Amino acid sequence: MSLRKLLLFASASLLGLPAAPIAAQDMSFDAYLQLLMARARAEGVSEATLSRMTAGLTPNQRVIQLDQSQPGSSSSPGYPPLAPYIATHVDSARISGGRREFANYHSALSRIEREYGVPAEVVVAIWGHETAYGRVKGGFDLSQALATLAWEGRRRDLFSSEWVDLMKVADKGYSRNELKGSWAGAFGNPQFLPSVYLRLATDGDGDGRADIMNNSVDALASIANYFRDAGWREGQPWGVRAYVPSGFDVDRYKTELVGPVCPRVHERHSQYKTAAEWRALGVQAQVPLAENTLVTLFQPDGPGTPAWLLTSNYRVILEYNCSNYYAMSVGLLADEIAR
């Protein structure tokens, strides 16, 4: 790699400006790591933190393999059925585990629900889906994983920023051994990326630290804060089961909007109408909804199968993971936990 190209890239990194893509083979991992460290220094990370978080750092080939095996946006028609996914993700183990943790943290969850306006059962359901209530948080060294992904270059802008943000998290006094998680950089009980941690992680128990790795109350409060920030509407369900009359043409009310993010997720939802408008068309909510509640009709497995009316809070769940399978399983698990 030419000295001029290296200097231009270093300048852009230090200034936080976009730089022309550089393939991993154009720069050694050690040289690229020096650029990341320089950017972190410029953004206030201490030398002691950088030293302990980069000692002996080498690229992780398994991380590169996992990243390169990620599928792109699917263009194939149709969707896998929802029912089998729900059967395996809203199972007796997750339900009983959720009820157990709901009881264990009842006092803290009640306080969190009052403060953030997000139902405790939804918060617990996210915890269950992300890490099996804290039991499966990932074992990748986050500094190594994120530095590897940034060096690899496929999504360099994202992962270089996340690595620098991880250094800022470490600068708060967390050890490198504590900062372990998924190969893609998510960590802790709620599986936040470092940038999300810096923006939304919350001290739930008043001890002065937002420790989402080791402190379950902090993690639960942080999930609730994420949902409030994403626009959760207090007092409104995520969705309710709906009766759809035989022969009802759901496609007639298909949305014409194209979602800028995850379009295949949103294209499966109908137009938004009030609960009263759906009722006039013969679609009945099985749980009372306010007449003016805007909802979208979702019947994922086709005519004659279960259907739901989804509120805007369902889209908040999608903010956490943009998948109808994920969002539906979180909502249905939350309902079972609260039942």
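See the structure shown above.
These numbers were taken from a predicted model, which means no experiment stands behind them.

This next bit is on unusual backbone geometry. The phi angle at Y133 is positive, at roughly 60°, despite the residue not being glycine. Here Y133 shows up in the loop between α8 (120-131) and β1 (140-141). One non-glycine residue, Q191, adopts positive backbone phi at about 60°.

Time to look at the packing of aromatic side chains. The geometry of an aromatic ring pair is captured by the separation of the ring centres together with the interplanar angle, meaning the angle of the planes. Scanning the model with the defined rule gives 15 aromatic pairs in all. Ring geometry for F227 and Y320: centres 6.0 Å apart, planes at 45°, overall tilted. Highlighted residues: F227 in helix α12 (residues 216-229) and Y320 in helix α15 (residues 312-320), separated in sequence by 93 residues. Residues F227 and Y320 agree in their burial class; the two are buried. Pairwise contacts between aromatic rings join F192, Y226, F227, W232 and Y320 into one cluster. Note that R156 overlies the ring of Y32, its terminal NZ or CZ placed 4.7 Å from the centroid. When the ring centre of W308 is taken as reference, the NZ or CZ atom of R241 above it lies at 5.5 Å.

Taken together, five strands build an open sheet; the order of strands is β4-β6-β7-β3-β5 and the sheet is antiparallel. Only two strands of the sheet have a single partner each, and these edge strands are β4 (272-274) and β5 (284-285). In this sheet, strand β6 (residues 294-298) lies alongside β4 in antiparallel orientation, the contact comprising three bridges. Across the sheet, Y272 pairs through a bridge with T296, a residue of β6.

Quick look at the nonpolar core now. If you look at the biggest cluster of nonpolar residues, it comprises 82 residues, and the most contacted ones within it are W163, L179, F227, W238 and M328. For this core, the leading source of residues is helix α16 (residues 324-338), giving nine residues. When near neighbours in sequence (up to four residues on either side) are disregarded, F227 contacts V118, V122, I126, W232, V316, I317 and Y320. In terms of nonpolar packing, the next biggest core, distinct from the first, is built from 13 residues, V244, Y253, W278 and L309 among them.

Turning next to the pattern of salt bridges. For the structure on display, the rule yields 12 salt bridges. Taking the shortest distance from any N to any O, the salt bridge between R155 and D67 comes out at 2.7 Å. Placement of the pair is R155 in the loop between α9 (142-152) and α10 (156-170) and D67 in helix α4 (residues 61-68), with a sequence separation of 88 residues. Residue class for R155 comes out partly exposed when judged on its relative accessible area of 32%. Among the salt bridges present, the one from D141 reaches R176, with a minimum N-O distance of 2.9 Å. Residue D141 is located in strand β1, and its partner R176 is located in the loop between α10 and β2 (180-181); the two are separated by 35 residues in the primary sequence. You can call D141 buried: its relative accessible area is 17%. Exposure remark for R176: the relative accessible area of 18% places this residue in the buried category.

For the rest of this paragraph, the subject is the environment of V261. With respect to the element layout, V261 can be found in the loop between β3 (239-243) and α13 (263-266). The class for V261 is exposed, based on a relative accessible area of 55%.

What makes a disulfide is a covalent bond joining the sulfur atoms belonging to two cysteines. Taken as a whole, this structure holds one disulfide when the rule is applied. The disulfide partner of C262 is C322, and the gap between their sulfur atoms is 2.4 Å. Of this pair, C262 sits in the loop between β3 and α13 while C322 sits in the loop between α15 and α16; the two residues are 60 residues apart in sequence, bridging distant segments of the chain.

Thresholds, definitions, all that
- Residue numbering note: each chain is counted from 1, following its sequence as written.
- The predicted nature of this model means local features are confined to residues of pLDDT at least 70 and side-chain atom pairs, given and counted, to a pLDDT of 80 or more, with totals for whole chains, interfaces and linings taken over all residues.
- In computing side-chain properties, one takes all heavy atoms of the structure into account and sets aside hydrogens as well as water.
- For the purposes of this entry, the term helix denotes a DSSP run of H or I that reaches at least four residues, the term strand denotes a run of E that reaches at least two, and both are numbered from the N terminus.
- Here the aromatic set is Phe, Tyr and Trp, taking the six-membered ring for Trp, and pairing holds for ring centres within 6.5 Å; pairs whose planes are under 30 degrees apart are stacked, those over 60 apart are edge-to-face, and all others are tilted.
- Only protein chains enter the accessibility calculation, which uses a 1.4 Å probe; a residue is then buried when its area is under 20% of its type maximum, exposed when over 50%, and partly exposed in between.
- Remark: a charge is flagged as sitting over a ring if the NZ atom of Lys or the CZ atom of Arg is within 6 Å of the ring centre and within 35 degrees of the ring normal.
- The pairing criterion is simple: DSSP has to find at least two bridges between the two strands.
- By nonpolar core we mean a set of buried residues, namely Ala, Val, Leu, Ile, Met, Phe, Trp, Tyr and Cys, connected to one another through side-chain atoms within 4.5 Å.
- A contact between two residues is defined here by any heavy atoms of the two lying within 4.5 Å.
- By convention in these notes, a salt bridge is any Lys or Arg side-chain nitrogen within 4 Å of a carboxyl oxygen on Asp or Glu.
- Only a pair of cysteine sulfur atoms within 2.5 Å qualifies as a disulfide here.

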